[in-house]
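Analysis of the macromolecular model
Listed here are the chains, written in short residue letters.
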Amino acid sequence: MTTGKSSLLVWVLAISTAVVVLLFFSSAIPPSSLFSTGGAFEKWSNEGSVIGELISLIDSVARRASWHHRSHHHHLPHHRHRRRIAAKCDDKKWKDMIDPNVKASLVLTVDQNGCANFSSVQAAVDAIPDNSPTRTLVLIDSGVYREKVTLRAEKTYAIFQGQGYLNTTIVWNDTAASAAGTFYSHSIAILAPNFIAKNISFQNDAPPPSQGMEDGQAVALRIDGDQAAFYGCGFYGAQDTLLDLKGRHYFKECFIQGSIDFICGNGRSLYEDCSLHSIAMEPPPGSRLHTGAVTAHHRNSENEKTGFSFVNCSISGSGLTWLGRAWGPYATVVFARTYMSSVVASDGWQNFGDSSRERTVFYGEYECTGAGSNSALRVPYSKQLSRDEAAVFLDISYIDGNDWLLSESSSSNPIIYHDQNEELIQAL
């Protein structure tokens, strides 16, 4: 608006000056000759008269004013579009995320908008106190965090909490080939004990391996630490998605996706109310070729107290899949009260190419439902369990959960780390 007013003022001054000049000389110049070809103005201007110079000056000023107006009119919206709007940070959001049932002494925050202590999960993990006897809560805002994360053994009692397993994801894309081994292909590795994850996903988005492809294993999460619990989490991958390697673990209401051996390892774990989703390839039309397996347990001796128990779960998806393959000679897997869709193969189980393992594995099913639960064609070394046989696998006592799931150290006033002031501030 200021630019427009200035231009108008210049034009008014120019026209007023011209009028004064015309009036001053009008008595000496016949009106008919003022604007005629070869008239007085043209003549005097060509001869370099004072009037000619004045006319040139008026014309120059007018042209500059007009150009200045057009230039600002053209560029002003451009400058407005380039103006940066600062992101608004809501510190209250983090306090609202804190579950009153979570007992933590320290809270760290992660987001990708510059409104948290850290912009990467690994940076927050590095800030967790070593060998802490109390909980550290890491709040991770919605977003896809593309990074390879390792929670080292000394980072004890950590909690990862996201904004929902469909909203907060940690993802990487290593494979056994790129990482020099399946155990190192993880997107995230939990090596510390007493870990908890809530409402977050772990993904390996390496391309699914083709049938028979070597070194295509791609682990989303590797869990080595003892006494770990996962609530409402997602695990996405293809072959070896969840490497439940060792320790006692609890999975509650989780979504686990994969194709071949997508829950594998030698852990002693209870999976309760979980959705197991196969993305195995469909067999050729008219074929009963197996294309996937849900589990591959790696128990190696009778003395090990390990195994996978699935209670009130569901199996769905694509392909034709075994419930389990005997990665170890004493592999132990039980499915209880689980819905099995037609993706589950009628024979149910596989010996991993070693018939001697059929004498030592423990494969059981109890009160399962769905088209895939028909036991008529199951392999002879699997069992349909009685109530007494199944009882030990049905609740948290299977993983000694009464000793650690329900006994967390108390802290009624968590501390939120404030990165900008480099101090610990008591949460309200």
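Going along each chain's sequence as written, the residues are numbered from 1 onward. For a predicted model such as this one, the threshold for reporting local features is a pLDDT of at least 70, and the threshold for listing and counting side-chain atom pairs is 80 or more; totals across whole chains, interfaces and linings nevertheless cover every residue. Computation of side-chain values: all heavy atoms of the structure, hydrogens and water removed.

This brings us to the overall build of the protein. On a plain count of helices and strands, the protein comes out with eight helices and 29 strands. Relative accessibility thresholds used throughout: buried, under 20% of the residue-type maximum; exposed, over 50%; partly exposed, between the two (1.4 Å probe, protein chains only). Buried residues in the protein amount to 48% of all 428 residues. Throughout, a contact is declared for two residues whenever any of their heavy atoms are within 4.5 Å. Considering only residue pairs separated by 6 or more positions, the protein has 66% of its internal contacts joining residues 24 or more positions apart. The way it works is that DSSP assigns letters per residue, a run of H or I at least four long becomes a helix, a run of E at least two long becomes a strand, and they are numbered from the N terminus.

It is worth spelling out the nonpolar core at this point. One broad rule of soluble globular proteins: the nonpolar side chains tend to lie buried together. By nonpolar core we mean a set of buried residues, namely Ala, Val, Leu, Ile, Met, Phe, Trp, Tyr and Cys, connected to one another through side-chain atoms within 4.5 Å. Ranked by internal contacts, the top residues of the largest apolar core, which has 57 residues, are Phe202, Phe230, Phe235, Ile263, Tyr271, Leu276 and Phe335. Every residue in contact with Leu276, bar those within four places of it in the chain, is listed here: Ile256, Phe262, Ile263, Val294, Phe310, Ser314, Ile315, Ser316 and Phe335. Grouped together as the second largest cluster of nonpolar side chains are 26 residues, Ile98, Leu137, Ile399 and Trp404 included.

In this section: the side chain of Asp240. Here Asp240 is to be found in the loop between strand S12 (234-236) and strand S13 (242-244). By the counting rule applied here, Lys and Arg register as positive and Asp and Glu as negative, while His and the ends of each chain are not counted. Salt bridges are identified by distance alone: a Lys or Arg side-chain nitrogen within 4 Å of an Asp or Glu carboxyl oxygen. Buried and unpaired, Asp240 has Arg325 as its nearest opposite-charge partner, separated by 6.7 Å.

A word on the state of the cysteines. Disulfides are defined in this document as cysteine sulfur pairs within 2.5 Å. Counting across every chain of the model gives one disulfide. For Cys89, the disulfide goes to Cys115, at an S-S distance of 2.0 Å. Here the S-S torsion is close to -65 degrees, and the disulfide linking Cys89 with Cys115 is therefore left-handed. Taken together, the positions of Cys89 in the loop between helix H4 (50-82) and helix H5 (92-97) and Cys115 in the loop between strand S1 (106-110) and helix H6 (121-126) put the pair 26 residues apart, joining distant regions of the chain.

This part covers the sheet that holds strand S18 (residues 275-279). Taken in spatial order, the eight strands line up as S3-S6-S9-S12-S15-S18-S21-S24 in an open sheet, and their pairing is parallel. Looking at which strands have only one partner, the edges of the open sheet turn out to be strand S3 (143-146) and strand S24 (339-340). One bridge is not enough; two strands pair if DSSP finds at least two bridges between them. Note: strand S21 (residues 314-318) against S24, two bridges, orientation parallel. Looking at S24, one finds that Ser314 is bridged to Tyr339.

So, about the sheet that holds strand S10 (residues 221-223). Here eight strands make up an open sheet; going across it, the order is S4-S7-S10-S13-S16-S19-S22-S25 and the pairing parallel. At either margin of the open sheet sits one strand with a lone partner, and together these are strand S4 (149-151) and strand S25 (349-350). For strand S19 (residues 292-297) and strand S22 (residues 321-326), the ladder comprises five bridges, and the chain directions are parallel. Along S22, the bridge assignment pairs Thr295 with Gly324.

Glancing now at unusual backbone geometry. Positive phi outside glycine occurs at Tyr157, with the angle close to 55 degrees. Turning to its location among the elements, Tyr157 is positioned in the loop between S4 and strand S5 (158-161). The partly exposed category is assigned to Tyr157, whose relative accessible area is 27%. Within the chain, Ala180 stands out as a residue other than glycine whose phi angle is a positive 60 degrees. Within the element layout of this structure, Ala180 appears in the loop between strand S6 (168-172) and strand S7 (188-190). The exposure class of Ala180 is exposed, given its relative accessible area of 65%.

Paired rings are identified among Phe, Tyr and Trp, the last through its six-membered ring, by centres lying within 6.5 Å, and are further divided according to the angle between planes into stacked (under 30 degrees), edge-to-face (over 60) and tilted (the rest). Going through the model one piece at a time under the given rule, you end up with 19 aromatic pairs. Relative to Phe251, the ring of Phe230 has its centre 4.8 Å away and its plane inclined at 5 degrees; by these criteria the two rings are stacked. With Phe230 in strand S11 (residues 228-231) and Phe251 in strand S14 (residues 248-252), the pair connects residues that are 21 residues apart, well separated along the chain. Residue Phe230 shares its accessibility class with Phe251, and that shared class is buried. Seen from their ring centres, Tyr271 and Phe310 are 4.6 Å apart, and the 20 degrees between their planes marks the pair as stacked. Residue Tyr271 is located in strand S17 (residues 268-272), and its partner Phe310 is located in strand S20 (residues 307-311); the two are separated by 39 residues in the primary sequence. The burial state of Tyr271 is the same as that of Phe310; both residues are buried. When the ring centre of Trp94 is taken as reference, the NZ or CZ atom of Lys93 above it lies at 4.5 Å. A ring has a charge above it when a Lys NZ or an Arg CZ is no more than 6 Å from the ring centre and no more than 35 degrees off the ring normal. Against the face of Tyr398 rests Arg268, its NZ or CZ located 4.1 Å from the ring centre.

With the rule as written, the count across this model stands at 18 salt bridges. Between Asp126 and Arg152 there is a salt bridge; the shortest N-O distance is 3.6 Å. Of this pair, Asp126 sits in helix H6 while Arg152 sits in the loop between S4 and S5, placing them 26 residues apart in sequence. Take Asp126: its relative accessible area is 41%, and that puts it in the partly exposed class. Look at Arg152 and you get partly exposed, because its relative accessible area is 33%. Here Asp205 ties to Arg146 by a salt bridge, and the two come within 2.4 Å at their closest N and O atoms.

Turning to the environment of Ser178, a few remarks are in order. With respect to the helices and strands, Ser178 occurs in the loop between S6 and S7. Along the backbone, Ser178 and Asp215 are 37 residues apart, and their C-alpha atoms lie at a distance of 8.6 Å. For Ser178, the side chain forms a polar contact with the side chain of Asp174, separated by 2.9 Å. Between N or O atoms, a polar contact is any pair within 3.5 Å; within protein, one atom must be a potential hydrogen donor and the other a potential acceptor, and residues adjacent in sequence are included only when both atoms are from side chains. At a separation of 2.8 Å, a polar atom in the side chain of Ser178 contacts the main-chain amide nitrogen of Thr175.

Our next topic: the side chain of Asp111. One can find Asp111 in the loop between S1 and H6. Every residue in contact with Asp111, bar those within four places of it in the chain, is listed here: Lys93, Trp94, Ala116, Phe118, Ser119, Asp141 and Tyr145.

Keep in mind these values describe shape, not function.
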